[in-house]
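These are the residues of each chain, in order.
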Amino acid sequence: MFILQFDWNPITGLDLFGIFELHFYSVMWIVAFLLGFQIMKRIFLKENVNLDYLDPLFIYTVLATMLGARLGHVLFYQSELISEDFFSIFLPFSFKGGFQFTGFQGLASHGAAIGIIIGMYLYRRKYKYKSLMWILDRVVISVASGAVFIRIGNFINSEIIGKITDSPLGVRFVQDYYSKRQIVVETGIENYKEAYAAVTNNPQFQHLLDAVPVRHPAQLYESFCYIFVFLILWFIYQKTNKGQQSGYLFGLFLVLLWTIRFFVEFVKEPQGDEYITFLGLNTGQMLSVPFIIIGLYFMFLYKPKTSS
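Below is a summary of the structure that appears in this document. Bear in mind the structure is a predicted one, so any value in this text is a computation, not a measurement. (Residues numbered from 1 in each chain as written. Predicted model: local features only at pLDDT ≥ 70, side-chain atom pairs only at ≥ 80, totals over all residues. Heavy atoms only, no water.)

1. A look at the overall build of the protein chain
Link 1 in the chain: Each helix and strand counted, the protein chain has 12 helices and seven strands in total.
Link 2 in the chain: The burial tally for the protein chain puts 47% of its 308 residues in the buried class.
Link 3 in the chain: In the protein chain, of all internal contacts separated by at least 6 residues, the share reaching a separation of at least 24 is 69%.
Link 4 in the chain: Element-wise, carbon and sulfur atoms account for 65% of the exposed surface of the protein chain, whose accessible area totals about 16,600 Å².
Link 5 in the chain: The positive charge centre, built from 24 side chains, and the negative charge centre, built from 22, are 16 Å apart in the protein chain. (Helix = DSSP H or I, 4+ residues; strand = E, 2+ residues; numbered from the N terminus. Buried < 20%, exposed > 50% of the residue type's maximum accessible area, 1.4 Å probe, protein only. Contact = heavy atoms within 4.5 Å. Areas by Shrake-Rupley, 256 points an atom, 1.4 Å probe, with all protein chains shown as cover. Lys, Arg positive; Asp, Glu negative; His and termini not counted. Charge placed at Lys NZ, Arg CZ, Asp CG, Glu CD.)

Encoded structure:
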């Protein structure tokens, strides 16, 4: 019954020259953006759009995604940072309790979605070669592909974990259960990376491994589903007339992605303080509902304005 269960205790990055660690989570973001760039390049070539517009689109998308995701996390899940550690919102450092490099921790997909929509609006104001809906209908194809890798990055980082389960698909997230400081104390090994490795590799610490609960790999559930979101969008864009209906792909993306997110939330642990809850639904679900409704509007009701 438990044949598919496994322990997740990986290295999360590579030390470069002894002074810098390249986190695999960051690599997943880079892969997501570069793949998205290549997809948009293919779309531009297919539709004979000047490639000079592609680089600024890439820059707007990257900035809008990262800024929106970070601000979204703070506003929706960790608003105490505004008063307790304000500069950590915008910088990869924590200043609370001493200066520490943390990287950009805490990114919310709902915030990223809002950021991208605003970013595309600002981009369209400067570059008027196509309509805003034309841009959104195509950008979401790239976004869907990127979402696959972002959730893989979350899995590598043992973050956005699922609830405790007896499912045969369960995973024991060692690095979520034990903090770096705690694992050093528990094992007596000063190097936290070696201490983590000892938990799964050294029978002496089997009791520490046994204490880690089995959880849903919610990140992988989402990543797997997002593959199909991308494939569906790409198929409709390439093979059907709906791909040319203004607003349809954008709306379909919103419906598919946020419906998946809504249901996966049932097996996920809260990502922070639950500020927005109603009828047993958590913050992630409550934030997903408006996106789904907006998506349905663009799929079935939206009519683009026609110039006279």
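2. Observations concerning the packing of aromatic side chains
Link 1 in the chain: This structure, assessed with the given rule, holds 29 aromatic pairs.
Link 2 in the chain: Ring centres of Tyr177 and Tyr178 lie 4.8 Å apart, and the angle between their planes is 90°; on these two criteria the pair is classed as edge-to-face.
Link 3 in the chain: On the basis of relative accessibility, which here comes to 38%, the residue Tyr177 falls in the partly exposed class.
Link 4 in the chain: Plain terms: the ring middles of Phe263 and Phe266 are 6.3 Å apart, the flat faces sit at 40° to each other, and that makes the pair tilted.
Link 5 in the chain: Residue classification places Phe266 among the partly exposed positions, given a relative accessible area of 42%. (Phe/Tyr/Trp six-rings, centres within 6.5 Å; stacked < 30°, edge-to-face > 60°.)

3. Examining the packing of helix α2 (residues 54-77) against helix α4 (residues 109-126)
For any two helices packed against each other, one specifies the inter-axial angle together with the distance between the axes.
Link 1 in the chain: One way to put it is that α2 packs onto α4 with a least axis distance of 6 Å and a crossing angle of 145°. As for the relative orientation of α2 and α4, their crossing is right-handed in sense. On α4, the residues touching Pro56, Leu57, Tyr60, Thr61, Ala64, Thr65, Gly68, Ala69, Gly72, Phe76 and Tyr77 of α2 are His110, Gly111, Ala112, Ile114, Gly115, Ile116, Gly119, Met120, Leu122, Tyr123 and Lys126.
Link 2 in the chain: Looking at side-chain class alone, the contact of α2 with α4 contains 13 nonpolar, eight polar and one charged residues. (Axes fitted to C-alpha atoms, helices over the stretch in contact; angles between N-to-C directions. Left-handed = near helix turned anticlockwise from the far one by under 90°. Nonpolar A, V, L, I, M, F, W, Y, C, P; charged D, E, K, R; others polar.)

4. Quick word on helix α10 (residues 218-239)
Link 1 in the chain: Helix length check: α10 (22 residues) gives 32 Å between terminal C-alpha atoms against 32 Å at 1.5 Å per residue, within 8%.
Link 2 in the chain: The inward-facing, buried residues of α10 abut α1 (24-46), α5 (132-156), β6 (171-173) and α11 (248-264). (Expected span 1.5 Å × (residues − 1).)

5. Here we look at the pattern of salt bridges
For side chains of opposite charge, pairing can occur when their charged atoms come near one another.
Link 1 in the chain: Per the counting criterion, the structure on display carries eight salt bridges.
Link 2 in the chain: Two residues, Arg151 and Glu222, come together in a salt bridge whose shortest N-O distance is 3.1 Å. Note that Arg151 is positioned in helix α5 and Glu222 in helix α10, a separation of 71 residues in sequence.
Link 3 in the chain: Counted as one network, the salt bridges with shared partners bring together Arg151, Glu222, Arg261, Glu265 and Lys268. (Salt bridge = Lys/Arg side-chain N within 4 Å of Asp/Glu carboxyl O.)

6. A look at the side chain of Ser145
Link 1 in the chain: Checked against the element boundaries, Ser145 lands in helix α5.
Link 2 in the chain: With residues near it in sequence (within four places) discarded, Ser145 still touches Leu35, Ile39 and Phe230.

7. Quick notes on a nonpolar patch on the surface
Link 1 in the chain: On the surface, Leu67, Leu71, Leu75, Ile82, Phe86, Phe87, Phe90, Leu91 and Phe95 cluster together into a nonpolar patch covering about 830 Å² of accessible area.
Link 2 in the chain: When residues in the nonpolar patch are grouped by element, the largest group, three residues, is from α2. (Patch = residues over 30% accessible without salt bridge, like charges linked within 9 Å, V, L, I, M, F, W, Y side chains within 5 Å.)

8. As for the nonpolar core
The tendency in soluble globular proteins is for nonpolar side chains to be buried side by side.
Link 1 in the chain: Counting 48 residues, the largest nonpolar core has Phe44, Leu57, Tyr129, Ile135, Ile141, Leu233 and Phe253 as the members making the most contacts within it.
Link 2 in the chain: Listed by contribution, the elements that provide at least two residues to this core are α1, α2, α4, α5, α10, α11 and α12 (283-300).
Link 3 in the chain: Broken down by element, this core gets its largest block of residues, 11 residues, from α11.
Link 4 in the chain: Among residues more than four places away in sequence, those in contact with Phe44 are Val49, Asn50, Leu51, Tyr53, Leu54, Leu57, Tyr129 and Trp134.
Link 5 in the chain: Counting 11 residues, the second largest nonpolar core, distinct from the first, contains Tyr178, Tyr196, Val199 and Val212. (Core = buried A, V, L, I, M, F, W, Y, C linked by side-chain atoms within 4.5 Å.)

9. A few points about α4
Link 1 in the chain: The terminal C-alpha atoms of α4 lie 26 Å apart, and with 18 residues this matches the ideal 26 Å at 1.5 Å per residue to within 8%.
Link 2 in the chain: Along α4, the residues classified as buried are His110, Gly111, Ala112, Ala113, Gly115, Ile116, Gly119, Met120 and Tyr123.
Link 3 in the chain: Of the surrounding secondary structure, the elements contacted by the buried residues of α4 are α2, α5, α11 and α12.

10. Brief notes about the environment of Pro213
Link 1 in the chain: As for its placement among the helices and strands, Pro213 is situated in the loop between α9 (206-210) and β7 (214-215).
Link 2 in the chain: Separated by 48 residues in sequence, Pro213 and Arg261 place their C-alpha atoms 23 Å apart.
Link 3 in the chain: Contact partners of Pro213, with chain neighbours within four places excluded, come to Ile164, Val171, Arg172, Phe173 and Tyr177.

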